Amino acid sequence: MLQNPASNLHQLINVERSEMDILRQIALVLQRGDSSGINELLQQALDNKLGPREILDDGLIAGMNVVGDRYKKHEIFLPEVLLAAKAMHVGMDKLKPLFLKDEVPSRGRVVIGTVQGDIHDIGKNLVAIMLSGAGFEVIDLGKDVPPKKFIETAVEQNAKVIGMSALLTTTMPVMKKVIGELKEKGLSGRIKTVIGGAPVSEEFADHIGADGYGYDSVQAVDCIKRLISAS
Amino acid sequence: MRDVIEIRKQEIIPSQEDAFALQGISSGSKVSSNIILLFDQAVKIFAEHAQPVGIIAEISKNDFGIIYAGEGRNETDTPVAEIFQKADRLALFATTVGQGLHDKINELFVNKDFALGSMLDSVASAGVEKAADVLEAFFGSTVTRGIEDDKNIAVMRYSPGYCGWHVSGQRKLFEYLKPEEIGITLRASYLMEPLKSASGVFIAGGVDIHFFADTYSFCSQCETHSCRERMYRIEHSINASEPGEQPASIDKRRKE
């Protein structure tokens, strides 16, 4: 029996529509920070034969991009970004095993930390979470990180960027020290530096020779994206 | 005077406004029910895990001069250097909300509960400030006790790492105060353990000595300008406090 071509077309359109719906739903659930809802939707997407890459790019990362934009426009606040970030991580934990080992999505490796003498890490944590949501591999050294540790880790892990944060004016010189030591070791071209934190400014970043400056977490992630694509 | 002071938890639970400010949420902002829920959860954890305690030790101007000089790394011109010389009394202090709270924050981050971990971090930071407020009020009450014209006396606090006082100043402060007695230790990088701790000096003296223009070289790099708020508080509390009244939120554990 011949199949009705119009009916096939409708089926095709319906499949595409349901794929779009499920990816859109994933993005929306992520924006709401609903970690418990995300797993069920991911399973539905996988049952619908959607690939992990598609689900990641058009569902999770698409949702996280909206969260970043809304945060940039001051439409939502830090806790909402962090709720979304948790949903992102829950989703990534489900998808990661589905990627082949060498296909695990990574846009590059970033070493990040709050500089020595400083323990203020909310901003740094947010950048780390947003970076990982944007598909970067983040090596978070925590707070009170000595210059040597930043550099050694970046070299060992073949990281492309070192991100440094400070809240105290008295600890800002540590950033300069890291950049100076990178230069001394001839690594400054290979490993880029991005700085941020309440007292840090673009002028200060230029003054100490940092490759980039992030006024807030969204800007820091944009800056790192730019630096990595340029390299 | 050297006192170890147990601080009642319920007296240092921060306001929503204080915790939200540390989350970058300005006063009066309309927030979602999710954020309110996070704050309530964080306060509950704070009340369960906080172990606030403080230590305070009076110090002479001469001795404080040596401590303030620290390792010689302060900015050349600072407000504290001028103000402490005009003070009536000075006291070093340290306070903490305990290691348990810090461990709980870490646990939440490890479990990827970023939003609750971050909110608890803010609640704990604001709680430490409130603990320092309690110590400050206690010191203030000892200064003004018996003084008839006590409304003209005010206390303001400063900490290493801020206002041009280099963080390396912690070493000499710790040598004098010995806050290890209440479980606060100093890392090689001059940071305190537990991390949710505060230390510094209380400067008590005539109201006028506390006012300065925040135009020092390092002020341009300071985004909080919390000194303005503190000066404002002093200005507006002159007529508010009762003479010589000891704050209700403290229990003196031991007087040495």
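In case you missed it, the structure is sitting above this.
Here we summarise the structure given alongside this text. (Residues numbered from 1 in each chain as written. Chains lettered and ligands numbered in written order. Predicted model: local features only at pLDDT ≥ 70, side-chain atom pairs only at ≥ 80, totals over all residues. Heavy atoms only, no water.)

Each helix and strand counted, chain A has nine helices and five strands in total. Along chain A, helices and strands appear, N-terminal first, in the series α-α-α-α-β-α-β-α-β-α-β-α-β-α. Expressed as a percentage of its 231 residues, the buried residues of chain A come to 50%. (Helix = DSSP H or I, 4+ residues; strand = E, 2+ residues; numbered from the N terminus. Buried < 20%, exposed > 50% of the residue type's maximum accessible area, 1.4 Å probe, protein only.)

Core analysis: the largest hydrophobic core is formed by 93 residues, its most contacted members being I26(A), L30(A) and I55(A). Per-element tally for this core: the top contributor is helix 6 (residues 114-144) of chain B, with 15 residues. Apart from the residues lying within four places of it in its own chain, the contact partners of I26(A) are I38(A), L41(A), L42(A), A45(A), I55(A), G59(A) and L60(A). In this structure, L177(B), I203(B), V207(B) and F212(B) belong to the second largest nonpolar core, which totals 36 residues. (Core = buried A, V, L, I, M, F, W, Y, C linked by side-chain atoms within 4.5 Å. Contact = heavy atoms within 4.5 Å.)

As a further point, take helix 9 (residues 217-230) of chain A. Residues and elements named next belong to chain A. For helix 9, spanning 14 residues, the distance from its first C-alpha to its last is 20 Å, which sits close to the expected 20 Å at 1.5 Å a residue. Within the span of helix 9, buried status applies to S217, V218, A220, V221, C223, I224, L227 and I228. On its buried face, helix 9 sits against helix 3 (52-72), strand 1 (109-114), helix 5 (122-133), strand 3 (161-165), strand 4 (192-196) and strand 5 (212-214). Near the N-terminus of helix 9, the side chain that reaches the backbone nitrogen of V218, with its oxygen 3.2 Å away, is that of D216. (Expected span 1.5 Å × (residues − 1). Polar contact = N/O pair within 3.5 Å; in protein donor to acceptor, adjacent residues only side chain to side chain.)

Turning to the interface of chain B and chain A, a few remarks are in order. Each partner contributes to the interface: chain B provides 35 residues, whereas chain A provides 28 residues. Across the chain B/chain A interface, buried area totals approximately 2500 Å², and carbon plus sulfur atoms make up 63% of it. Area buried by chain B at its contact with chain A is led by K112(B), F114(B) and Q221(B), which between them contribute 22% of it. Our count for the contact surface shared by chain B and chain A stands at three salt bridges. (Buried area = accessible area lost by both parts, 1.4 Å probe. Salt bridge = Lys/Arg side-chain N within 4 Å of Asp/Glu carboxyl O.)

With that settled, the discussion passes to the sheet that holds strand 3 of chain A. Backbone hydrogen bonds are what pair the strands of a sheet, in a parallel or an antiparallel way. Residue and element names in this part refer to chain A. Strand order in the open sheet made by the five strands is 2-1-3-4-5, with parallel pairing throughout. The outermost strands of the open sheet, each flanked by one partner alone, are strand 2 (137-140) and strand 5. Taken over all neighbouring pairs, the strand axes of this sheet differ in orientation by 25° on average, direction set aside. Relative to strand 2, strand 1 runs parallel, the two sharing four bridges. In the strand pairing of strand 2, V110 is matched with V138. The sheet contacts of helix 5 involve strand 1, strand 2 and strand 3, and relative to strand 1 the element is tilted by about 165°. Those strands touched by helix 6 (residues 147-156) are strand 1, strand 2 and strand 3, and its axis lies near 165° from that of strand 1. (Pairing = 2+ DSSP bridges. Axes fitted to C-alpha atoms, helices over the stretch in contact; angles between N-to-C directions.)

Attention shifts here to the pattern of salt bridges. Summed over the entire model, instances satisfying the criterion amount to 20 salt bridges over all chains. The salt bridge partner of D222(A) is K72(A), with a shortest N-O separation of 3.3 Å. Taken together, the residues D222(A) in helix 9 and K72(A) in helix 3 connect sequence positions 150 residues apart. Owing to a relative accessible area of 25%, D222(A) belongs among the partly exposed residues under this scheme. Here E71(B) and R171(B) are joined by a salt bridge, their closest N and O atoms 3.4 Å apart. With a gap of 100 residues between them, E71(B) in the loop between helix 3 (61-69) and helix 4 (79-83) and R171(B) in helix 7 (residues 170-177) connect regions that are remote in the sequence. Given the relative accessible area of 33%, E71(B) is considered partly exposed. The exposure class assigned to R171(B) is partly exposed, which follows from its relative accessible area of 35%. Overlapping salt bridges bring together E129(B), D133(B), E136(B) and R157(B) as one network.

Working definition: an aromatic ring pair is given by the centre-to-centre distance plus the angle between the planes. Residues and elements named next belong to chain B. As enumerated under the stated definition, the model contains eleven aromatic pairs over all chains in all. Both rings, one in F20 and one in F39, keep their centres 5.7 Å apart while their planes meet at 75°; by these two values the pair is edge-to-face. One end of the pair, F20, is in helix 1 (residues 16-22); the other, F39, is in helix 2 (residues 33-49), with 19 residues separating them in the sequence. Each member of the pair, F20 as well as F39, carries the same accessibility label: buried. What links up through ring pairs into an aromatic cluster is the set F64, Y68, F84 and W165. (Phe/Tyr/Trp six-rings, centres within 6.5 Å; stacked < 30°, edge-to-face > 60°.)

On to the pairing of strand 2 (residues 53-59) of chain B, then. The side chains of a regular strand alternate between both faces of the sheet. All names here are of chain B. Burial within strand 2 is extensive, with six of its seven residues counted as buried. Of the pairings in the sheet, the one linking strand 1 (residues 2-7) to strand 2 comprises five bridges and is antiparallel in character. The residue of strand 2 that forms the bridge with D3 is I56.

For the rest of this paragraph, the subject is empty space enclosed by the protein. Taken as a whole and assessed by the stated rule, the structure comprises one cavity of 30 Å³ or more. The computed volume of the largest cavity comes to approximately 40 Å³. In terms of lining, the largest cavity is formed by L82(A), I122(A), N125(A), L126(A), I129(A), F109(B) and S118(B). (1 Å grid on protein atoms, 1.4 Å probe; cavity = no way out; pocket = protein on both sides within 12 Å on 5 of 7 lines; lining within 4 Å. Points joined across faces, edges and corners; volume = space filled by probe spheres on them.)

For the rest of this paragraph, the subject is the packing of helix 5 of chain A against helix 9 of chain A. The geometry of a pair of packed helices is captured by two quantities: the angle between their axes and the separation between those axes. All names here are of chain A. Running from N to C, helix 5 and helix 9 point in directions that differ by 50°, and their axes come no closer than 9 Å. Classed by the angle they form, the pair helix 5 and helix 9 counts as oblique. Read as a crossing pair, helix 5 and helix 9 show a hand that is right-handed. Every residue of helix 9 that contacts helix 5 at L126, V127, M130 and L131 is listed here: S217, V218, A220, V221 and I224. Along the lines of polarity and charge, the residues of the contact of helix 5 with helix 9 split into eight nonpolar, one polar and no charged. (Parallel < 35°, antiparallel > 145°, perpendicular 65-115°, else oblique. Left-handed = near helix turned anticlockwise from the far one by under 90°. Nonpolar A, V, L, I, M, F, W, Y, C, P; charged D, E, K, R; others polar.)

Residues and elements named next belong to chain B. Within strand 4 (residues 153-158), six of the six residues are buried, which leaves the element mostly enclosed by the surrounding structure. Of the two faces of strand 4, the one holding I153, V155 and R157 and the one holding A154, M156 and Y158 are both buried throughout. Examined bridge by bridge, strand 4 and strand 7 (residues 197-206) share six bridges and lie antiparallel to one another. If you follow V155 over to strand 7, its bridge partner there is A204.

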